[in-house]
Amino acid sequence: MSTCLKFSFDTPRRLSLMQGWRGSVLRFLLALCLLGPFGLAAAVDLNSADAQQLQQIKGIGPRTAELILEERQRGGPFDSLQDLADRVKGIGAKKIITMEQSGLKVEPAKVATKAVSNTADADIRRKP
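For every chain, the first residue of the written sequence is number 1, and numbering continues from 1 along that sequence. Where totals are concerned, whole chains, interfaces and linings use all residues; where local detail is concerned, this predicted model gives features only for residues with pLDDT of at least 70, and gives and counts side-chain atom pairs only at 80 or more. Side-chain measures here rest on the full set of heavy atoms in the structure, leaving out hydrogens and waters.

1. Quick look at the pattern of salt bridges
Here is step 1 of the chain: The rule for a salt bridge is simple: a side-chain nitrogen of Lys or Arg has to be within 4 Å of a carboxyl oxygen of Asp or Glu. Under the defined criterion, the tally for this structure stands at 5 salt bridges.
Here is step 2 of the chain: Taking the shortest distance from any N to any O, the salt bridge between Asp83 and Arg87 comes out at 3.0 Å. Pair noted here: Asp83 and Arg87 are both in helix H5 (residues 81-87), with a separation of 4 residues, about one helical turn.
Here is step 3 of the chain: Only protein chains enter the accessibility calculation, which uses a 1.4 Å probe. A residue is then buried if its area is under 20% of the maximum for its type, exposed if over 50%, and partly exposed in between. With a relative accessible area of 15%, Asp83 lands in the buried category.
Here is step 4 of the chain: Exposure remark for Arg87: the relative accessible area of 23% places this residue in the partly exposed category. The numbering of helices and of strands both runs from the N terminus, where a helix is a DSSP run of H or I of at least 4 residues and a strand a run of E of at least 2.

2. Side note on helix H4 (residues 62-75)
Here is step 1 of the chain: Helices are assigned an expected span. That span is 1.5 Å times one less than the residue count. When the terminal C-alpha atoms of H4 are compared, their 20 Å separation across 14 residues agrees well with the 20 Å that a helix rising 1.5 Å per residue should span.
Here is step 2 of the chain: Residues Thr64, Ala65, Ile68, Glu71 and Arg72 constitute the buried set of H4. Projected onto a plane normal to the axis of H4, the buried residues spread over an arc of 130° and lie on a single side. In H4, those exposed residues whose orientation departs by more than 90 degrees from the buried face are Pro62, Arg63, Gln73 and Arg74.
Here is step 3 of the chain: By definition, residues are in contact when any of their heavy atoms lie within 4.5 Å. Looking at the packing, one finds that the buried side of H4 touches helix H3 (51-54), H5 and helix H6 (93-101).
Here is step 4 of the chain: Backbone geometry just after H4 places Gly76 at a positive phi near 90°. The directions from the helix axis to the C-beta atoms form the arc being described.

3. Concerning the nonpolar core
If you look at soluble globular proteins, the nonpolar side chains tend to sit buried side by side.
Here is step 1 of the chain: Judged by nonpolar contacts, the single largest core of 17 residues is most densely connected at Leu54, Ile68, Leu84 and Leu104.
Here is step 2 of the chain: When contributions to this core are tallied by element, the ones reaching two or more residues are H4, H5 and H6. In this text, buried Ala, Val, Leu, Ile, Met, Phe, Trp, Tyr and Cys residues form a nonpolar core when linked through side-chain atoms within 4.5 Å.

4. Describing the confidence of the model for the protein
Here is step 1 of the chain: Confidence in the prediction of the protein, expressed as mean pLDDT, is 74, and 52% of residues score 70 or more.
Here is step 2 of the chain: No element of the protein has a lower mean pLDDT than helix H2 (residues 37-40), which averages 46, and none a higher one than H4, which averages 96.
Here is step 3 of the chain: Scored below 50 in pLDDT, residues 36-40 makes 2 contacts in the model with residues more than four places away or belonging to other chains.
Here is step 4 of the chain: The quantity called pLDDT is the predictor's confidence in a given residue, expressed from 0 to 100. Within the model, the stretch residues 111-116 combines pLDDT values under 50 with 0 contacts to residues more than four positions away or in other chains.

Structure (structure tokens):
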């Protein structure tokens, strides 16, 4: 009879522990669903990100972010992640893969397309 009493006193405590554990898991899953892909790895555009945004990418620390920004200012927007590796010292093939999986992407440079369209407009205006 003492084991039954012990069991009956112990059961609510076990239930509360399980509910706490299950509740935590359910809250985590709910937050994960609500955040969607943004909660895991938000995409960061290499050609428009600032140092703080770049540092959110796995493999990019303060120094690498600084080098990327300096090279982007010096040489213009990056064409691809391979272009990033070619122009920034310390970034190789493995690091590119890690950074791409962490959400780093390269959007086409808007400045370059604007320059091309302005050139086309100028050519049209020159023709008689």
